[in-house]
Amino acid sequence: MDCDEVMLTVRITAAERALLRELARGHGGDVSDVAVDGLLEVIPALHDDASVLPLQRVLARPAPFALTLWLPAAVADLLPLLGERLARTGGPSAGPASAALSAALRLWLAGDRLALASALARLHGGCGAAGVPASFGAGAVKAAA
């Protein structure tokens, strides 16, 4: 086992799980890789207590599916801080790292599908729509690029 990774479980909806899997397939990675990319995009935007409200709204929606993710330790280390902020502002207090991961990932997955795929394509392959799954409308992404 690699000590530089941490295993956490996230609670998501069926639609969010399908989107995460489709994004992973489209970029030749696994769902954990895509989740880390999404967290790195969304966590910096959650810098103060006021930004926690969208996370609480996401957590208020039912999420029946459990999905296990492997995160780099450096990313996982950010989650308890976000979890403490959630708890301080009236969010869930049990399992703050897991709740924070669920909320941050679900917040990211709630974004525009084309924008998510396009951002992943830029991150993994440079500019343009390379790597954007056909089901996301790569032609529309190319036109916007």
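Here we summarise the structure given alongside this text. Keep in mind that this is a model prediction, so the values were computed, not measured.

**What about the overall build of the protein chain?**
Okay, so step 1: A count of helical and extended segments in the protein chain gives eight helices and two strands.
Okay, so step 2: When the elements of the protein chain are put in sequence order from the N terminus, they spell out β-α-α-α-β-α-α-α-α-α.
Okay, so step 3: Relative to all contacts within the protein chain whose residues are 6 or more apart in sequence, the contacts with residues 24 or more apart total 76%.
Okay, so step 4: Summed over all atoms, the accessible surface of the protein chain reaches about 7,300 Å², with 60% contributed by carbon and sulfur.

**Comments concerning helix α5 (residues 79-88)**
Okay, so step 1: Every buried residue of α5 is accounted for by L79, L82, G83, R85 and L86. End-on view of α5: buried residues confined to an arc of 160°, all on one side of the axis. Of the residues in α5, the exposed ones pointing more than 90 degrees away from the buried face are L81 and R88.

**Some thoughts on the packing of helix α1 (residues 14-26) against helix α2 (residues 31-42)**
In a packed pair of helices, the relevant descriptors are the angle between the two axes and the axis-to-axis distance.
Okay, so step 1: Close contact between α1 and α2 brings their axes to 8 Å; oriented N to C, the two are set at 100°. The orientation of α1 relative to α2 falls into the category roughly perpendicular. Each of L20, R21, L23 and A24 in α1 lies in contact with α2, whose residues at this interface are V31, V34 and A35.
Okay, so step 2: When the residues that make up the contact of α1 with α2 are grouped by side-chain class, the tally is six nonpolar, no polar and one charged.

**Focus on the nonpolar core**
Okay, so step 1: One finds L23, L69, L71, L79, L101, L105 and W108 to be the most contacted residues of the largest nonpolar core, which totals 36 residues.
Okay, so step 2: No other element matches helix α6 (residues 96-109), which puts eight residues into this core.
Okay, so step 3: Not counting the four nearest positions on each side in its chain, L71 is found in contact with D4, E5, V6, L8, V36, L39, A76, L79 and L101.

**With respect to the packing of aromatic side chains**
Okay, so step 1: Here the structure, examined in full by the defined rule, presents zero aromatic pairs.
Okay, so step 2: The lysine or arginine in question, R17, covers the ring of F65, its NZ or CZ lying 4.1 Å from the ring centre.

**Describing a negative patch on the surface**
Okay, so step 1: Where like charges cluster on the molecular surface, the negative patch consists of D4, E5, D30 and D33.
Okay, so step 2: Turning to its location among the elements, D33 is positioned in helix α2.

Rules used throughout
- Residues numbered from 1 in each chain as written.
- Predicted model: local features only at pLDDT ≥ 70, side-chain atom pairs only at ≥ 80, totals over all residues.
- Heavy atoms only, no water.
- Helix = DSSP H or I, 4+ residues; strand = E, 2+ residues; numbered from the N terminus.
- Contact = heavy atoms within 4.5 Å.
- Areas by Shrake-Rupley, 256 points an atom, 1.4 Å probe, with all protein chains shown as cover.
- Buried < 20%, exposed > 50% of the residue type's maximum accessible area, 1.4 Å probe, protein only.
- Arc of directions from axis to C-beta.
- Axes fitted to C-alpha atoms, helices over the stretch in contact; angles between N-to-C directions.
- Parallel < 35°, antiparallel > 145°, perpendicular 65-115°, else oblique.
- Nonpolar A, V, L, I, M, F, W, Y, C, P; charged D, E, K, R; others polar.
- Core = buried A, V, L, I, M, F, W, Y, C linked by side-chain atoms within 4.5 Å.
- Phe/Tyr/Trp six-rings, centres within 6.5 Å; stacked < 30°, edge-to-face > 60°.
- Lys NZ or Arg CZ within 6 Å of the ring centre and 35° of its normal.
- Patch = residues over 30% accessible without salt bridge, like charges linked within 9 Å, V, L, I, M, F, W, Y side chains within 5 Å.
- Salt bridge = Lys/Arg side-chain N within 4 Å of Asp/Glu carboxyl O.
- Lys, Arg positive; Asp, Glu negative; His and termini not counted.
- Charge placed at Lys NZ, Arg CZ, Asp CG, Glu CD.

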